Amino acid sequence: MSPPLDANANANVDPKVLQYENFIHDVLKKDLQKVLEQRDSVYEKISQYLQLKNTIQSLQDTGCQKLKTDVDLGCNFFVQAEVEDSSKIFVAVGFGFFLEMTHDEALRFIEKKTSQLTAFTDQLTKDSAKIKAHIRMVLEGLRELQGLSDEPEDTRREIH
């Protein structure tokens with residue numbers, strides 16, 4: 001007596017299922033995590049530039065040249081500093097370089113830089129959506145291989 005056809009089919013399907021599950025876990029989810037971490041890092045840079053923009057605008061509004069501030073020396077150790085002439089500031093332009101700019105130059109630079117970074121975050125968001133779609137597609141393929149029915153809409157959850 002030969003085994004039922006379903007048993008042979010399941011024996012052939014199991015290695016494929018494991019291969020797809022490993023692909024989801026080892027490749028797609030790690031790629032998704034990298035893209036989301038990179039996007040969060042870019043959002044942090046945008047936040048820092050916007051904070052600088054607000055500081056510059058408040059300096060311009062007050063019209064005061066002298067500035068008292070706290071400077072982070074690292075590891076959350078702060079010292080008080082006094083700036084005699086705050087008409088020019090040093091702005092991080094990337095790759096560890098700083099450039100001395102007037103307030104107006106810095107504001108123009110910040111506008112360009114934040115728009116560039118925003119475009120980059122939009123691209124990263126699209127990339128993450130594509131990866132999520134790939135994960136969902138592979139999961140649907142796994143369902144078909146295992147002969148499972150579709151999940152009801154209310155039990156589906158967002159892929160993170």
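Since we're looking at a predicted model, the values are computed, not measured.

Caption draft 1: Region of the structure containing the overall build of the protein. In terms of regular secondary structure, the protein is built from 2 helices and 4 strands. Its helices and strands in sequence order give the protein the pattern α-β-β-β-β-α, from N to C terminus. Within the protein, the fraction of its 160 residues that count as buried is 21%. Considering only intrachain contacts with a sequence separation of at least 6, the fraction spanning at least 24 residues in the protein is 54%. When the accessible surface of the protein is totalled, it reaches about 12100 Å², and 55% of it is carbon and sulfur.

Caption draft 2: Geometry of the side chain of K53. Looking at where K53 falls in the secondary structure, it is placed in helix α1 (residues 5-62). In terms of polar contacts, K53 uses its side chain to reach the side chain of E111, at 2.4 Å. Non-local contacts of K53, meaning those with residues more than four positions away in its chain, are made with L107, I110 and E111.

Caption draft 3: A look at the side chain of K113. Structurally, K113 is set in helix α2 (residues 103-146). An unpaired buried charge is present at K113: no salt bridge exists, and E111, the closest side chain of opposite charge, is 14 Å distant. Those residues in contact with K113 that sit more than four places away from it in its chain are Y49 and V93.

Caption draft 4: Fine view of the nonpolar core. In terms of nonpolar packing, the biggest core is built from 22 residues, with I24, Y49, I56, V91, A106 and I135 touching the most fellow members. When residues of this core are traced back to their parent elements, those giving at least two are α1, β3 (88-94) and α2. For this core, the leading source of residues is α2, giving 10 residues. When residues no more than four places from it in sequence are discounted, the contact partners of I56 are I89, H103, A106, L107 and I110.

About the thresholds
Residues numbered from 1 in each chain as written. Predicted model: local features only at pLDDT ≥ 70, side-chain atom pairs only at ≥ 80, totals over all residues. Heavy atoms only, no water. Helix = DSSP H or I, 4+ residues; strand = E, 2+ residues; numbered from the N terminus. Buried < 20%, exposed > 50% of the residue type's maximum accessible area, 1.4 Å probe, protein only. Contact = heavy atoms within 4.5 Å. Areas by Shrake-Rupley, 256 points an atom, 1.4 Å probe, with all protein chains shown as cover. Polar contact = N/O pair within 3.5 Å; in protein donor to acceptor, adjacent residues only side chain to side chain. Lys, Arg positive; Asp, Glu negative; His and termini not counted. Salt bridge = Lys/Arg side-chain N within 4 Å of Asp/Glu carboxyl O. Core = buried A, V, L, I, M, F, W, Y, C linked by side-chain atoms within 4.5 Å.

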